[in-house]
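The residues making up each chain are set out below.
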Amino acid sequence: MLMEPEFWVAVAFVVFCGIVWKAGGFDLILNGLDHRGERVRRELEEARRLREEAAAVLADYQKRRAEAEREAEAIVANAREEAERAAAEGHARLNEFVTRRTKAAEAKIAQAEAQAAAEVRAAAAEAAVRISETILREKVGGEAGQDLIRRSLGDIRTRLRA
């Protein structure tokens, strides 16, 4: 047994542990392990805090995104309504314009018809006056006849033009 290397390794290990214990090495090792454990605990707490902050930021982002989507939908709906209203207004204006133009054209046509009728009446009156004048000249003679013809023709012209 004294000649086996494992024995001497065990003896050396025990002696080494005794020297380390006497020099206070175990306390240093334990303190080092405690400090490391404390550092790991702080890092875990920091990681937990960062995770909670990230979750809060994510929730805030999702809330803002939802609000932005609702706002975008409202903007699109308003734009669609405005476009429909503008199209309806344009259509109404076009219909109004066509109606006005139609009425103006009808008024011009009525005026032209009235003017044509007046011109036809005037031409008919003038023709009637000439024919009457010719007939009266042939049948009535002298100065009194001429005076009667002038007065009658004036009356006829006035009545036919009115």
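Because the structure is a prediction, the values reported are computed rather than measured.

A few words now on the overall build of the protein. In terms of helices and strands, the protein carries 3 helices and 0 strands. Listed N to C, the secondary structure of the protein is α-α-α in terms of helices and strands. Relative to its full complement of 162 residues, the protein shows a buried share of 6%. Here the protein displays about 14,100 Å² of accessible surface, and carbon together with sulfur accounts for 61% of that area.

Taken as a whole, this structure holds 1 aromatic pair when the rule is applied. An angle of 75° between the planes, with centres 5.3 Å apart, marks the rings of Phe7 and Trp8 as edge-to-face. Under the relative-accessibility criterion, Trp8 is labelled partly exposed at 47%.

Here we take up a nonpolar patch on the surface. On the surface, Leu2, Met3, Trp8, Val11, Val15 and Ile19 cluster together into a nonpolar patch covering about 650 Å² of accessible area. Note that Met3 resides in the segment before α1 (5–22).

On to the pattern of salt bridges, then. Under the definition given, this model contains 9 salt bridges. Between Glu82 and Arg85 there is a salt bridge, and its shortest N-O distance comes to 2.1 Å. Linking Glu82 with Arg85, this pair stays in helix α2 (residues 25–139), spanning 3 residues, or about one helical turn. Between Glu89 and Arg93 there is a salt bridge, with its nearest N and O atoms 2.9 Å apart. Separated by 4 residues within a single helix, Glu89 and Arg93 lie in helix α2, roughly one turn from each other. Of the residues examined, Glu89 reaches a relative accessible area of 40% and is grouped as partly exposed.

Let us look at the confidence of the model for the protein. When pLDDT is averaged along the protein, the result is 86; 88% of the residues meet or exceed 70. Taken element by element, the protein is modelled with least confidence in helix α3 (residues 142–161), mean pLDDT 69, and with most confidence in α2, mean pLDDT 89.

How each quantity is defined
- Residues numbered from 1 in each chain as written.
- Predicted model: local features only at pLDDT ≥ 70, side-chain atom pairs only at ≥ 80, totals over all residues.
- Heavy atoms only, no water.
- Helix = DSSP H or I, 4+ residues; strand = E, 2+ residues; numbered from the N terminus.
- Buried < 20%, exposed > 50% of the residue type's maximum accessible area, 1.4 Å probe, protein only.
- Areas by Shrake-Rupley, 256 points an atom, 1.4 Å probe, with all protein chains shown as cover.
- Phe/Tyr/Trp six-rings, centres within 6.5 Å; stacked < 30°, edge-to-face > 60°.
- Patch = residues over 30% accessible without salt bridge, like charges linked within 9 Å, V, L, I, M, F, W, Y side chains within 5 Å.
- Salt bridge = Lys/Arg side-chain N within 4 Å of Asp/Glu carboxyl O.
- pLDDT = per-residue confidence, 0-100.

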